[in-house]
Amino acid sequence: MKTRAAVLWDIGQEWQIEEIDLDPPKAGEVLVQMKAAGLCHSDEHLTTGDLVFPPEVLATMGMESMFPLIGGHEGAGVVLEVGEGVTSVQPGDHVSASFIPSCGRCRYCSTGRQNLCDLGAGTFQIGMITDGTVRHHVRGQDLLVGAKLGTFSEHTVVAEASVIKVEPDLPLTAVCLVSCGVATGWGSAVERAGTRPGDTVVVVGIGGIGANAVQGARMAGAKRVVAIDPVEFKRESAMELGATHAAASMDEALPLLTDLTFGQMADRVIMTPSVMYGDMMAGALALTGKGGTCVVTAIAPVTQTEAAVNLFELAMWQKEVKGAIFGSLNPRADIPKLLSLYREGQLKLDELITRTYTLDQINQGYQDMCDGKNIRGVITFD
Ligand SMILES: NC(=O)c1ccc[n+]([C@@H]2O[C@H](COP(=O)([O-])OP(=O)(O)OC[C@H]3O[C@@H](n4cnc5c(N)ncnc54)[C@H](O)[C@@H]3O)[C@@H](O)[C@H]2O)c1
Ligand SMILES: [Zn+2]
Ligand SMILES: [Zn+2]
């Protein structure tokens, strides 16, 4: 079939809306009509090149280039058709995308760590995770499909492992948010950082991810949640989502936190700024107290290998630095769980959507994100 998608042809370019050719789903695959797609910062890293692997790394993957590609890894839609052997969804079902597939059988899935599923290894490889062949084509060329989803497309074909059935009465915009930003932020605070009642938690960067780290920290019982962002609107939004204090920078937060905690500093620090850089670790660990945990959720440029970490303090003050993908959650269990918290009125989702866009307005949406105007921008499809 023919459909329309936002295609990126190279680093530094804008998304181009293209008519693409989409092949029907093969065994283990699903054709999805997208209804909502979130503008997560991770796709912006593709346009800046931060998430584009250098030629020597691509060569190890048997690839010369990651372009052209379809972006989008946060999304929700309706199943139109299923390939042979698909059992967990059928036509008409509403689904959430899952930017990490979950096979259910690998070492990680079978030990409750679906966010580390072995199928995730091929995220930036061309071809379906089912059989390695390609379903998406543009102007006669094969397309790489971001996170094996390509939610910036009116229709897409994905592996069954990449979709999770959700209850049909839930708004698909809310389902969309849960598929990346909410799960990633909430899980970073609740699961990966392990926030406990009475903790002091710092969240650095209040976008679609950090806003949900704030919600997660509050829900886990944090006594104080300090939201840090240079943009006033972000700080105000964080206060509405459960933050108790706000600061414009990590430097500004240092005396505030020293005061609040009588010098003990934070039990948990969650790093969710737009882009992670090694030199930000000094500030993050200065805010982390003795025995505290610093979770790095934001994505750094793929070539970033150095970080400013005082190793003496790391050992002597017994601090912990942890990475987190998908908030260390299990998509199959936790996407429905987060949606049930929304249904019960405990998790705010509708409030996270600052603006909606059409697919054709995607570049405006990303401009607004970069200008600090959105907690989350969402593309809605008719
Ligand atoms: N680990 C994962 O699984 C995962 C999943 C999704 C997104 N991410 C990453 O998380 C990060 C945040 O994504 P997002 O969609 O929320 O981005 P966003 O652009 O919506 O929000 C980022 C916020 O950080 C703020 N910021 C920038 N520099 C800052 C600094 N030095 N101090 C404090 N605040 C700062 C910005 O003003 C902005 O409000 C990105 O790097 C994204 O790629 C990681
Ligand atoms: Zn994302
Ligand atoms: Zn698996």
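Before reading on, note that the structure itself is shown above.
Residues numbered from 1 in each chain as written. Chains lettered and ligands numbered in written order. Predicted model: local features only at pLDDT ≥ 70, side-chain atom pairs only at ≥ 80, totals over all residues. Heavy atoms only, no water.

Observations concerning the overall build of the protein
Alright, step 1. Broken down by element type, the protein carries 10 helices and 19 strands.
Alright, step 2. Here the C-alpha radius of gyration of the protein, 20 Å, is about what a compact globule of 382 residues would show, namely 21 Å.
Alright, step 3. Expressed as lengths along the three principal axes of its C-alpha atoms, the size of the protein is roughly 65 × 50 × 40 Å.
Alright, step 4. Counting all 382 residues of the protein, 57% fall into the buried class. (Helix = DSSP H or I, 4+ residues; strand = E, 2+ residues; numbered from the N terminus. Rg over C-alpha atoms; globule rule 2.2 N^0.38 Å. Buried < 20%, exposed > 50% of the residue type's maximum accessible area, 1.4 Å probe, protein only.)

Quick notes on the sheet that holds strand β7 (residues 136-138)
Alright, step 1. Ordered by their spatial adjacency, 6 strands build an open sheet running β8-β7-β2-β1-β4-β9, and the pairing between neighbours is mixed. This sheet does not close on itself; its edge strands, each paired only once, are β8 (141-142) and β9 (144-145).
Alright, step 2. Relative to β9, strand β4 (residues 69-70) is paired through 2 bridges, and the arrangement is parallel. Paired with Ile70 across the bridge in β9 is Val145. (Pairing = 2+ DSSP bridges.)

Observations regarding the coordination of the zinc ion (ligand 2)
Alright, step 1. Looking at the metal site, the zinc ion (ligand 2) is ligated by Cys40 (SG), His73 (NE2) and Cys180 (SG), spaced 1.9 to 2.3 Å from it.
Alright, step 2. Motif for the zinc ion (ligand 2), donor spacing along one chain: C-x32-H-x106-C. Here His73, found in the loop between β4 and β5 (75-82), pairs with Cys180, found in helix α3 (residues 172-192); they are 107 residues apart in sequence, far enough to count as distant. Note on accessibility: His73 and Cys180 belong to one class, buried. (Donors = N, O, S within 2.8 Å, 3.2 Å for Na, K, Ca; no water.)

As for the coordination of the zinc ion (ligand 3)
The reference angle at a metal is 109.5 degrees if four donors form a tetrahedron and 90 or 180 degrees if six donors form an octahedron.
Alright, step 1. Bound to the zinc ion (ligand 3) are the protein donor atoms Cys103 (SG), Cys106 (SG), Cys109 (SG) and Cys117 (SG), situated 2.4 Å from the metal.
Alright, step 2. Geometry at the zinc ion (ligand 3) is tetrahedral, judged from the 4 donor atoms that bind it and their angles of 102 to 117° at the metal.
Alright, step 3. Spacing between the donor residues of the zinc ion (ligand 3) along their common chain follows C-x2-C-x2-C-x7-C. Residue Cys106 is located in the loop between β6 (94-97) and β7, and its partner Cys117 is located in the loop between β6 and β7; the two are separated by 11 residues in the primary sequence. One exposure class covers both Cys106 and Cys117, and it is buried. (Tetrahedral: all angles 85-135°; square planar, octahedral: opposite > 155°, others 65-115°.)

Details of the site of ligand 1
Alright, step 1. Around ligand 1 lies a shell of 30 residues, among which His41, Asp229, Ser274, Ala324 and Arg376 are the nearest.
Alright, step 2. Lys234 places a polar side-chain atom, nitrogen or oxygen, 3.0 Å from an oxygen atom of ligand 1.
Alright, step 3. Here an oxygen atom of ligand 1 and a backbone polar atom of Ile299 are 3.0 Å apart.
Alright, step 4. Considering ligand 1 on its own, with 870 Å² of exposed area, one finds that the protein chains cover 89% of that surface.
Alright, step 5. Secondary-structure elements contributing two or more residues to the shell around ligand 1 are α1 (41-48) and α3.
Alright, step 6. For the shell around ligand 1, the element with the highest residue contribution is α1, accounting for 3 residues.
Alright, step 7. In terms of residue class, the shell around ligand 1 is built from 17 nonpolar, 10 polar and 3 charged. (Near = heavy atom within 4 Å. Polar contact = N/O pair within 3.5 Å; in protein donor to acceptor, adjacent residues only side chain to side chain. Areas by Shrake-Rupley, 256 points an atom, 1.4 Å probe, with all protein chains shown as cover. Nonpolar A, V, L, I, M, F, W, Y, C, P; charged D, E, K, R; others polar.)

Considering the environment of Leu349
Alright, step 1. Looking at the element boundaries, Leu349 is found in the loop between α9 (331-343) and β18 (353-357).
Alright, step 2. Separated by 11 residues in sequence, Leu349 and Leu338 place their C-alpha atoms 9.8 Å apart.
Alright, step 3. In this view, Leu349 contacts Ala174, Leu177, Val178, Val182, Leu339 and Tyr342; residues no more than four positions away in its chain are not counted. (Contact = heavy atoms within 4.5 Å.)

Description of the pattern of salt bridges
Alright, step 1. Evaluated as defined, the whole model comprises 14 salt bridges.
Alright, step 2. The salt bridge partner of Arg4 is Asp360, with a shortest N-O separation of 2.7 Å. Pair noted here: Arg4 is in strand β1 (residues 2-8) and Asp360 is in the loop between β18 and α10 (362-370), with a separation of 356 residues, a long-range link.
Alright, step 3. The class for Asp360 is partly exposed, based on a relative accessible area of 46%.
Alright, step 4. Here Glu167 and Arg343 are joined by a salt bridge, their closest N and O atoms 2.7 Å apart. Taken together, the positions of Glu167 in the loop between β11 (163-166) and α3 and Arg343 in helix α9 put the pair 176 residues apart, joining distant regions of the chain. (Salt bridge = Lys/Arg side-chain N within 4 Å of Asp/Glu carboxyl O.)

A look at the packing of helix α6 (residues 250-260) against helix α7 (residues 280-287)
Alright, step 1. Where α6 meets α7, the axes come as close as 10 Å, and the angle between the chain directions of the two elements is 15°. Classed by the angle they form, the pair α6 and α7 counts as roughly parallel. Between α6 and α7 lies a crossing of left-handed hand. Seen from α6, the contacting residues are Met250, Ala253, Leu254 and Leu257; seen from α7, they are Met280, Gly283, Ala284, Ala286 and Leu287.
Alright, step 2. Per-class residue counts for the contact of α6 with α7 are 8 nonpolar, 1 polar and no charged. (Axes fitted to C-alpha atoms, helices over the stretch in contact; angles between N-to-C directions. Parallel < 35°, antiparallel > 145°, perpendicular 65-115°, else oblique. Left-handed = near helix turned anticlockwise from the far one by under 90°.)

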